[in-house]
Amino acid sequence: MKLSLKRIQFESDVEKVKEIFPRIFKEEMYHIDECIEAFTDSIHGKEIDRQLDYFFLENEEGTIMGLTGIYAKNPDEAWLGWFGVLPEYQHHGIGHFALHQTLELMRALGYETVRLYTDPVADVAAINLYKYVGFIQDSQYDEKTITMKYDLMGHGHYNKMIPDWKGKPYGM
């Protein structure tokens, strides 16, 4: 199975995001309406306080399996945003693949550091993945949120094998 990242850039894409966002993320943890409003403003050319780039994670048939994204306020540091896999596709290495692809894209764009917010209680599986690829806990943002950090310049190209449905590596 081949997976790819497809840039979210049209109003019709935003409608798809609105459908799948609540299936991946908890409303109380992510301010869904604010996230979608900022993204919609960015695709309409309105000036916002950060660079945004979001992607669908799709298989070769065009089935959307998840989301990933990059946002940045300065040229050296990017934040991982909207990172998640739909429940029916979890535990098959798809999140691993999406994280790898997103980190490589960030590296290619010239970012040196990646940060993310996550919930240490609700997102245990995601935290295990982040730690596996080399993220470290950076700080306690508030009582329900931690930040994690990954040094793109300090890590070589991430090359751990990512199994597909049958235990074979995905074609990257």
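Residues numbered from 1 in each chain as written. Predicted model: local features only at pLDDT ≥ 70, side-chain atom pairs only at ≥ 80, totals over all residues. Heavy atoms only, no water.

So, the overall build of the chain
Each helix and strand counted, the chain has 4 helices and 7 strands in total. When the elements of the chain are put in sequence order from the N terminus, they spell out β-α-α-β-β-β-α-β-α-β-β. For the chain, with 172 residues in total, the buried portion stands at 46%. The long-range fraction of contacts in the chain, counting pairs at least 24 apart against all pairs at least 6 apart in sequence, stands at 63%. Here the chain has roughly 9400 Å² of accessible surface; of this, 50% comes from carbon and sulfur atoms. (Helix = DSSP H or I, 4+ residues; strand = E, 2+ residues; numbered from the N terminus. Buried < 20%, exposed > 50% of the residue type's maximum accessible area, 1.4 Å probe, protein only. Contact = heavy atoms within 4.5 Å. Areas by Shrake-Rupley, 256 points an atom, 1.4 Å probe, with all protein chains shown as cover.)

Structural notes on the sheet that holds strand E3 (residues 64-72)
In spatial order, the strands read E1-E2-E3-E4-E5-E7-E6; together these 7 strands make up an open sheet with mixed pairing. Looking at which strands have only one partner, the edges of the open sheet turn out to be strand E1 (3-7) and strand E6 (136-142). Within the sheet, the average angular offset between the axes of one strand and its neighbour, ignoring direction, is 30 degrees. In this fold helix H3 (residues 94-108) packs onto E1, strand E2 (51-59), E3, strand E4 (77-85), strand E5 (113-118) and strand E7 (145-151), with an angle of close to 160 degrees to the strand it touches most, E4. Running at roughly 25 degrees to E7, helix H4 (residues 124-133) makes contact with E4, E5 and E7 of the sheet. (Pairing = 2+ DSSP bridges. Axes fitted to C-alpha atoms, helices over the stretch in contact; angles between N-to-C directions.)

Thoughts on the pairing of E6
Every regular strand shows the same layout, with side chains that alternate between the two sheet faces. Across 5 bridges, E6 lies against E7 in antiparallel orientation. When the sheet's bridge partners are listed, isoleucine 136 is paired in E7 with lysine 149. The loop that links E6 with its antiparallel partner E7 comprises 2 residues.

Quick notes on the packing of H3 against H4
H4 packs onto H3 with a crossing angle of 50 degrees between their chain directions and a minimal axis gap of 11 Å. Relative to H4, the element H3 lies oblique. Along this stretch, H3 crosses H4, giving a crossing that reads as right-handed. Residues Gly95, His96, Leu99 and Leu103 of H3 touch H4, and the partners they reach there are Leu129, Tyr130, Tyr132 and Val133. (Parallel < 35°, antiparallel > 145°, perpendicular 65-115°, else oblique. Left-handed = near helix turned anticlockwise from the far one by under 90°.)

Side note on the packing of aromatic side chains
In the structure shown here, the tally under the stated rule is 8 aromatic pairs. Ring geometry for tryptophan 79 against tyrosine 117: centres 4.7 Å apart, planes inclined by 25 degrees, an arrangement best described as stacked. Here the residue tryptophan 79 occupies a position in strand E4, and tyrosine 117 occupies one in strand E5, the gap between them amounting to 38 residues. Ring-pair connections join several aromatic residues into one group, and the members of that group are Phe21, Phe25, Tyr54 and Trp82. (Phe/Tyr/Trp six-rings, centres within 6.5 Å; stacked < 30°, edge-to-face > 60°.)

Quick notes on the confidence of the model for the chain
Per-residue confidence for the chain gives a mean pLDDT of 80; residues scoring 70 or more make up 80%. No element of the chain has a lower mean pLDDT than helix H2 (residues 32-43), at 72, and none a higher one than H3, at 92. Residue range residues 156-172 is modelled with pLDDT below 50. Its contacts to residues more than four positions away, or to other chains, number 45 contacts. (pLDDT = per-residue confidence, 0-100.)

Quick word on the pairing of E4
Judged by how many residues are buried, E4 sits mostly within the fold: 9 of 9 residues are covered. Here E3 folds back onto E4, and the loop between the two strands holds 4 residues. Across 3 bridges, E4 lies against E5 in parallel orientation. Its bridge partner lying in E5, tryptophan 79 is registered against arginine 115. As a crossover connection, the stretch from E4 through H3 into E5 is right-handed. (Right-handed = clockwise from strand over helix to strand, strands pointing away.)

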